[in-house]
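Examining the three-dimensional arrangement
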Amino acid sequence: MRYGVPGGRARPAPLLEVRDVSVRFGGVVALDGVSFEVAPGEICGLIGPNGAGKTTLFNCLSRLYAHHAGEILFDGRALGALPQHRMAGLGIGRTFQNLALFRTMTVRQNIAVGTTCRQRTGFLAHALQLPSVLREEAAQARCVDELVALLQLGDVAHLPVGELPFGTQKRVELARALAASPRLLLLDEPACGLNHHEVDQLGSLLRDIRLRFALTVLLVEHHMGLVMTLSDKIVALNFGRKIAEGLPVEVQRDPELVRAYLGEPA
């Protein structure tokens, strides 16, 4: 689907479309008819108070949760009937608010896990160590080397992840997500637990990888300085409903968003 813009030019179809998505847990409405689109190459910030439904939506996008109504499309393809393990192969990668790393494995081994969805050789080829397997393993090793260098993990690449500081583990998880060559990257509170200097570094890094890897990014983040300066557009949720959408400068002045964060005046 393509649609017109002023001047007769065609805008690309959205890479991600969320259409009237609702999720309920028993009698609790976690998402209530949420709709928005994310264009290719865009960084979209997803904000809202705790309990607004942001992580629930992320879990629907990565198929950890099933949505009860509505539709989610990635590059025009509905995700509702697809299993979780297909998401990485489709081109959807994510990080987690609470790290989901293999703590006893090294940094390199954790990053290498991200390349497995790109494997094309089967069990028999691996058992026979065919030339195609060796070429694939060499390509995966080069990918890991590049990401270790890009995320400045060379000094700790041989260490178990569980021995590393929290901020470093965040970079390992990001590297593992990038190793899967995603087109859409879901970042769940990447600045959580980072100090001011690390947050500044993260902002520069995300701008760099967006361009370097031609990524589209959906970013859940409570650090308002980061999300407002980094995002091309903002979608705000509260109690499972979308309450605002637009440019950062527009959304941060939206009265309903201000009430959601600060409450009604006395």
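Residues numbered from 1 in each chain as written. Predicted model: local features only at pLDDT ≥ 70, side-chain atom pairs only at ≥ 80, totals over all residues. Heavy atoms only, no water.

Topic: the sheet that holds strand S11 (residues 233–238)
- The mixed open sheet is built from six strands, whose spatial order is S8-S9-S10-S5-S11-S12. Of all the strands in the sheet, just strand S8 (92–94) and strand S12 (241–246) have a single pairing partner and so form its edges. With strand direction ignored, the average angle separating the axes of adjacent strands in the sheet is 20°.
- Most of the contacts of helix H6 (residues 166–179) go to strand S9 (residues 184–188), to which it runs at about 160°, and overall it touches S8 and S9. (Pairing = 2+ DSSP bridges. Helix = DSSP H or I, 4+ residues; strand = E, 2+ residues; numbered from the N terminus. Axes fitted to C-alpha atoms, helices over the stretch in contact; angles between N-to-C directions. Contact = heavy atoms within 4.5 Å.)

Some points on the packing of aromatic side chains
- Tallied over the entire structure, the rule returns one aromatic pair.
- Judged by centre distance (5.4 Å) and plane angle (75°), the rings of Phe25 and Tyr65 are edge-to-face. A residue pair is termed long-range when its members are at least 10 positions apart, and Phe25 in strand S3 (residues 16–25) and Tyr65 in the loop between helix H1 (54–61) and strand S6 (69–74) qualify at 40 residues.
- Classification of Tyr65 by relative accessible area gives partly exposed; the value is 31%.
- Just above the ring of Phe96 sits the side chain of Arg94; from NZ or CZ to the centre is 4.0 Å. (Phe/Tyr/Trp six-rings, centres within 6.5 Å; stacked < 30°, edge-to-face > 60°. Buried < 20%, exposed > 50% of the residue type's maximum accessible area, 1.4 Å probe, protein only. Lys NZ or Arg CZ within 6 Å of the ring centre and 35° of its normal.)

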